[in-house]
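# Structural description and commentary
Letter by letter, the chains look like this.
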Amino acid sequence: MDKFVIEGGERLIGNVKISGSKNAALPLLAATLLQKGVYEIENVPKLKDINTMSKLFAVLGAKVQWIKEGVLQVDTTGVENYVAPYELVKQMRASVLVLGSLTGGLKRAVVSYPGGCAIGERPINLHIQGLQALGCDVTIKEGYVDVNAKKLRGARIRFDTTTVGGTENIMMAAVLAKGETIIENAAREPEVVDLARMLKKMGAKIEGEGTEIIKIKGVDELTPCKYTVIPDRIETGTFLIACGITRGNIVIEGCNPGHIKALLDKLKEAGMDITEDGDKIKASMTKKRASAVDIKTAPYPGFPTDMQAQIMALMTVSRGVSAITEIIFENRMMHAAELRRMGADIKVIGNTAIVRGVKMLSGAKVMATDLRASASLILAGLTAYGKTEILRIYHLDRGYEAIEEKLKKLGAKIERVKDEGLGA
Ligand code: EPZ
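Here's what I pulled together on the structure shown here. (Residues numbered from 1 in each chain as written. Predicted model: local features only at pLDDT ≥ 70, side-chain atom pairs only at ≥ 80, totals over all residues. Heavy atoms only, no water.)

## Quick notes on the nonpolar core
Ranked by size, the top nonpolar core spans 74 residues in total, and within it Leu 34, Met 53, Val 98, Met 171, Val 175, Met 198 and Leu 199 carry the most contacts. Of all the elements, helix α1 (residues 22-31) adds the most residues to this core, at seven residues. Leave out the neighbours within four places in its chain, and Met 198 touches Leu 28, Ala 31, Thr 32, Tyr 39, Ile 41, Cys 225 and Tyr 227. (Core = buried A, V, L, I, M, F, W, Y, C linked by side-chain atoms within 4.5 Å. Buried < 20%, exposed > 50% of the residue type's maximum accessible area, 1.4 Å probe, protein only. Helix = DSSP H or I, 4+ residues; strand = E, 2+ residues; numbered from the N terminus. Contact = heavy atoms within 4.5 Å.)

This is how it looks when you write it as structure tokens:
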């Protein structure tokens with residue numbers, strides 16, 4: 001198993017190019033199951049989660065191949081199988097995104113019921129209720145969600161909780177349903193908007209994406225298309241914090257600053273100099289330590305839960321005391337215990353972490369517990385005195401394309417090495 005070894009203390013300087021968004025690419029790939037044919041998806045990041053989705057597609061009867069750097073060709077012509085097996089869904093919860101597209105496309109889906117994960121229980125009750133409202137017959141059998149959609153028809157659906165995956169699944173099922181669907185309390189995340197845009201390019205009739213109410217008029221068929229994935233806002237945010245925590249000076253290229261307004265506001269409040277310039281962000285934090293800021297995660301356009309761990313790393317070395325509250329997932333503070341091993345002063349009370357900034361962290365061996373927690377440990381390692389070893393970095397490979405290469409180009413001392421020890 002690989003680990004990262006980081007020698008902290010280097011200021012990050014230079015330019016970094018942002019990859020396509022993992023959380024946009026996965027539902028876009030799922031959407032190709034709605035209509036048989038050949039699709040080209042551009043700006044797809046090379047990540048483990050994309051490989052897992054490709055494996056799932058192979059099982060369903062689709063062919064997925066890289067035809068150029070960043071371009072995936074997806075041929076769903078031969079898709080006949082509608083069973084997403086346990087072995088793949090357990091590797092990646094986002095496999096559940098084929099629930100909506102198989103329902104819409106084949107009118108039948110049998111998808112392994114995803115279990116909980118490190119950050120929380122993550123039920124899919126709202127996906128199921130939404131499909132039932134659309135006239136589907138849904139049963140849970142032997143660990144599988146079995147959807148029969150012979151009578152797929154539009155409906156008014158109100159989500160009790162804002163759900164990104166739930167909104168995406170219902171959108172995908174509804175575009176080929178008879179009649180009109182109205183989704184209330186819909187997720188407004190840029191990834192949901194990206195999916196709506198691709199579906200519209202395929203001929204779907206959707207209005208209101210990016211607002212709380214999405215209206216969909218079902219159509220009889222769609223057309224395969226070419227589509228380009230939006231830049232990854234969480235990767236963008238992670239590099240911004242890498243700049244802040246090392247008191248660096250970087251230019252982030254190929255990003256969408258409009259997608260991370262809540263984060264940019266907090267980083268400015270913490271004392272970062274930030275200039276937006278089209279698809280670039282110039283950021284610097286050269287002379288000062290960050291000031292403590294309070295954070296509360298929220299659905300978009302609020303502060304993203306996927307940036308909570310990374311901003312906590314920044315707050316561990318800030319001036320003052322910061323309160324960080326996580327409201328989306330019930331167990332997303334596991335990085336706090338690892339950051340403490342590096343000398344951070346963090347007290348977790350319920351779903352709030354009280355972080356008292358210290359002048360310096362010290363390198364240590366730490367364990368990555370989930371994707372964004374892993375990113376926060378890298379950030380901490382970049383500023384810590386001495387050597388940090390991060391074990392279990394396979395979590396990072398699920399969601400950050402070539403992270404060590406990009407960090408090295410900015411001057412970080414980070415190496416991927418085989419871990420021969422007992423602790424991996
Ligand atoms: C998406 O997960 C992202 N994953 C997550 O990214 C992200 O953290 C999350 O949205 C929130 O922004 C992908 O896009 C592939 P939700 P998703 O349904 O769709 C509750 C990362 O690090 N809920 O919006 O699974 C749920 O438990 C990750 O890249 C129900 O109660 O999240 C949570 O508390 C991890 N019932 C809240 O809603 C349901 O049926 C939001 O979850 C569905 C959700």
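## Comments concerning the environment of Ile 414
When you line up the elements, Ile 414 lands in strand β24 (residues 413-418). We classify Ile 414 as buried; its relative accessible area is 0%. In this structure, the C-alpha to C-alpha distance between Ile 414 and Gly 165, residues 249 residues apart in sequence, is 34 Å. When residues no more than four places from it in sequence are discounted, the contact partners of Ile 414 are Phe 4, Val 5, Ile 6, Ile 378, Glu 404, Leu 407 and Lys 408.

## Side note on the site of the ligand
Around the ligand sit 22 residues, and of these Asn 125, Thr 163, Asp 306, Ile 328 and Arg 372 come closest. Here Gly 165 contributes a backbone N or O atom positioned 2.8 Å from an oxygen atom of the ligand. Ile 328 has a polar backbone atom sitting 2.5 Å from an oxygen atom of the ligand. Alone, the ligand offers 830 Å² of accessible surface; in the complex the protein occludes 85% of this. Among the secondary structure elements, those contributing two or more residues to the shell around the ligand are α1, α5 (125-133), α6 (164-174) and α12 (371-383). A breakdown of the residues in the shell around the ligand according to their chemical character gives nine nonpolar, eight polar and five charged. (Near = heavy atom within 4 Å. Polar contact = N/O pair within 3.5 Å; in protein donor to acceptor, adjacent residues only side chain to side chain. Areas by Shrake-Rupley, 256 points an atom, 1.4 Å probe, with all protein chains shown as cover. Nonpolar A, V, L, I, M, F, W, Y, C, P; charged D, E, K, R; others polar.)

## So, unusual backbone geometry
Working note: non-glycine residues mostly have negative phi, and peptide bonds are mostly trans. Of the consecutive residues Tyr 300 and Pro 301, the connecting peptide bond is found in the cis state with omega at 10°. Among the structural elements, Pro 301 can be located in the loop between β18 (295-296) and α10 (308-316). With a phi angle near 55°, Asn 185 is a residue other than glycine that sits in the positive phi range. With respect to the secondary-structure elements, Asn 185 resides in the loop between β11 (180-184) and α7 (190-201). Even without a glycine there, the phi angle at Arg 247 is positive, about 50°. Inspection of the secondary structure assignment puts Arg 247 in the loop between α8 (233-245) and β15 (249-253).

## Quick notes on the sheet that holds strand β1 (residues 2-7)
The strand order across the open sheet built from four strands is β22-β23-β1-β24, with neighbouring strands paired in mixed fashion. Each having just a single partner strand, β22 (365-367) and β24 make up the two edges of the open sheet. Across the sheet, the mean angle separating the axes of adjacent strands is 25° when strand polarity is ignored. Strand contacts of α12: β1, β22, β23 (387-391) and β24, with the helix running at about 30° to β1, the strand carrying the most contacts. (Pairing = 2+ DSSP bridges. Axes fitted to C-alpha atoms, helices over the stretch in contact; angles between N-to-C directions.)

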